[in-house]
Structures are given as structure tokens and as C-alpha cells.
Amino acid sequence: MSEELPQPGAAGDEAAGQERSAAGERRAADADAWATAAAEDLEAEKARRRAAYGPPPGSAAEELRRLVDTVADKLSGLQAPLLGPVAGTAAQQVVRQVVQQAKAAVEPVIERNPDVFDHLAAAGGELLAAYRSAVQRQEQRWTSQEPGPRDGDPRDDEGGPDAGPGQRIDLD
């Protein structure tokens, strides 16, 4: 029992604490450097994509608002040469009034429910993907040389795969 433990606050204890503190600061600096480098890489990639593909589309609500504005501008700019100058002016005023009423009806809905439009856009994308998948599978069956699940079925008395309009189409 000749070994004595250093007293708290001894010089060796203080030096070890400083080393631990410096190591912790280095790890924090390394983590910050990693986060900074990752953020810089992400920004560079976003800039590259904007340059290559243009600005990314906004939310579905913003896109709907832009669509309404574009349609309104096109309708307001239409000329009615067949109706004459007096009737054309009256028709343009009616079109402007209808466009303003449509904008007034659409804007509050967009303002109150922007998330609904994002969900509808996502649902539409899913429906499109499902339809595309079904169509691609059916096209593969039509163009392949191998008989499909219904082709060559002895219960079909329609004369084979090229029987014509009476042929059954299986979409699943």
C-alpha cells in the first residue's frame, strides 16, 4: 500500500482534464467540419441541378395558383374578332369578370388547404404509376411469344391468341 492516489486538484489531474477538453473540442470541430462539408456539397448539388433542370417545382398549391394565373392571363388576352369591336369589348369584360370570380373562389381554398393539394398530387402520381404498370405488363403479354395465363387455355374455344375482338384481356 505504498502507492498513494493523487490528491484532487493535483497538477496531473488538471493536465488530464485539459487533454480531455482539447480532445472533445477536436471531435466537436471534426463533427462541425463534416456537417459543414456535407451542407456545402448539398448546396453545390442543388445549384448543379437548378442549372441543368431549371428551378424545382413548388408545392401543388403553388402550381395550382400559377395555373390559375396563367389561364386567367390567356383568357383575358383573347380577342374576339368575329364579334366586332363593340361586342368584343363587352365579351372581354365578361371574361375578365368571370376570371376574377374564379380566382376569388380558388384563392381561399388554396390558402386554407395547401396540404390537401400535395396529397392529391401524390395520390395522382400513385394512380398514374399503377396504371402505367398495368399497361406495361399487358403490352409485354401482347408482344411476347410466350403464351400468357389465358392463351392456350383449353376452355377457350375462340381459336387461339389471334382470335380477334372476342379475346379476353386480363389486366392483373
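For the structure itself, consult the block above.
Residues numbered from 1 in each chain as written. Predicted model: local features only at pLDDT ≥ 70, side-chain atom pairs only at ≥ 80, totals over all residues. Heavy atoms only, no water.

Q: For this particular structure, what's the right way to read the overall build of the protein?
A: Secondary structure assignment for the protein yields four helices and zero strands. Ordered by position from N to C terminus, the α and β elements of the protein give α-α-α-α. Residue burial in the protein is summarised as follows: out of 172 residues, 8% are buried. For the protein, contacts bridging at least 24 residues in sequence account for 54% of all contacts bridging at least 6. Summed over its atoms, the accessible surface of the protein is roughly 14400 Å², and 57% of this surface lies on carbon and sulfur atoms. (Helix = DSSP H or I, 4+ residues; strand = E, 2+ residues; numbered from the N terminus. Buried < 20%, exposed > 50% of the residue type's maximum accessible area, 1.4 Å probe, protein only. Contact = heavy atoms within 4.5 Å. Areas by Shrake-Rupley, 256 points an atom, 1.4 Å probe, with all protein chains shown as cover.)

Q: What exactly am I supposed to notice about helix 2 (residues 60–77) here?
A: Since one α-helical turn is 3.6 residues long, residues separated by three or four positions face the same way. The end-to-end C-alpha distance of helix 2 is 26 Å, a good match for the 26 Å that 18 residues give at a rise of 1.5 Å each. Listed as buried for helix 2 are A60, A61, V68 and A72. The buried side chains of helix 2 occupy one side of the element, clustering within an arc of 115 degrees when seen end-on. Seen from the buried face of helix 2, the exposed residues on the opposite side, beyond 90 degrees, are R66, D73 and K74. (Expected span 1.5 Å × (residues − 1). Arc of directions from axis to C-beta.)

Q: So what exactly am I meant to see when it comes to the packing of helix 2 against helix 4 (residues 114–143) here?
A: For any two helices packed against each other, one specifies the inter-axial angle together with the distance between the axes. At a closest axis distance of 7 Å, the pairing of helix 2 and helix 4 adopts a crossing angle of 95 degrees. Relative to helix 4, the element helix 2 lies roughly perpendicular. Of the residues in helix 4, those in contact with A60, A61 and L64 of helix 2 are P114, F117, D118 and A121. The residue makeup of the contact of helix 2 with helix 4, split by class, is six nonpolar, no polar and one charged. (Axes fitted to C-alpha atoms, helices over the stretch in contact; angles between N-to-C directions. Parallel < 35°, antiparallel > 145°, perpendicular 65-115°, else oblique. Nonpolar A, V, L, I, M, F, W, Y, C, P; charged D, E, K, R; others polar.)

Q: Any chance you could explain a nonpolar patch on the surface here in plain terms?
A: Together, L67, V71 and L75 give the surface a local cluster of nonpolar side chains, amounting to about 250 Å² of exposed area. Position of L67 relative to the elements: it lies in helix 2. (Patch = residues over 30% accessible without salt bridge, like charges linked within 9 Å, V, L, I, M, F, W, Y side chains within 5 Å. Salt bridge = Lys/Arg side-chain N within 4 Å of Asp/Glu carboxyl O.)

Q: When you look at the pattern of salt bridges in this model, what are you seeing that I'm missing?
A: Side-chain pairing between opposite charges can occur once the charged atoms of the two side chains come close. What the rule picks out here adds up to six salt bridges. Between R65 and E111 there is a salt bridge, with the nearest N and O atoms lying 3.1 Å from each other. Of this pair, R65 sits in helix 2 while E111 sits in helix 3 (residues 84–112), and the two are 46 residues apart along the sequence. Between K103 and D69 there is a salt bridge, with the nearest N and O atoms lying 3.4 Å from each other. With K103 in helix 3 and D69 in helix 2, this pair connects stretches of sequence that are 34 residues apart.

Q: For this particular structure, what's the right way to read the environment of E62?
A: With respect to the secondary-structure elements, E62 resides in helix 2. Note on E62: relative accessible area 42%, which makes it partly exposed. Along the backbone, E62 and I110 are 48 residues apart, and their C-alpha atoms lie at a distance of 8.4 Å.

Interpretation in functional terms is not warranted from these geometric data alone.
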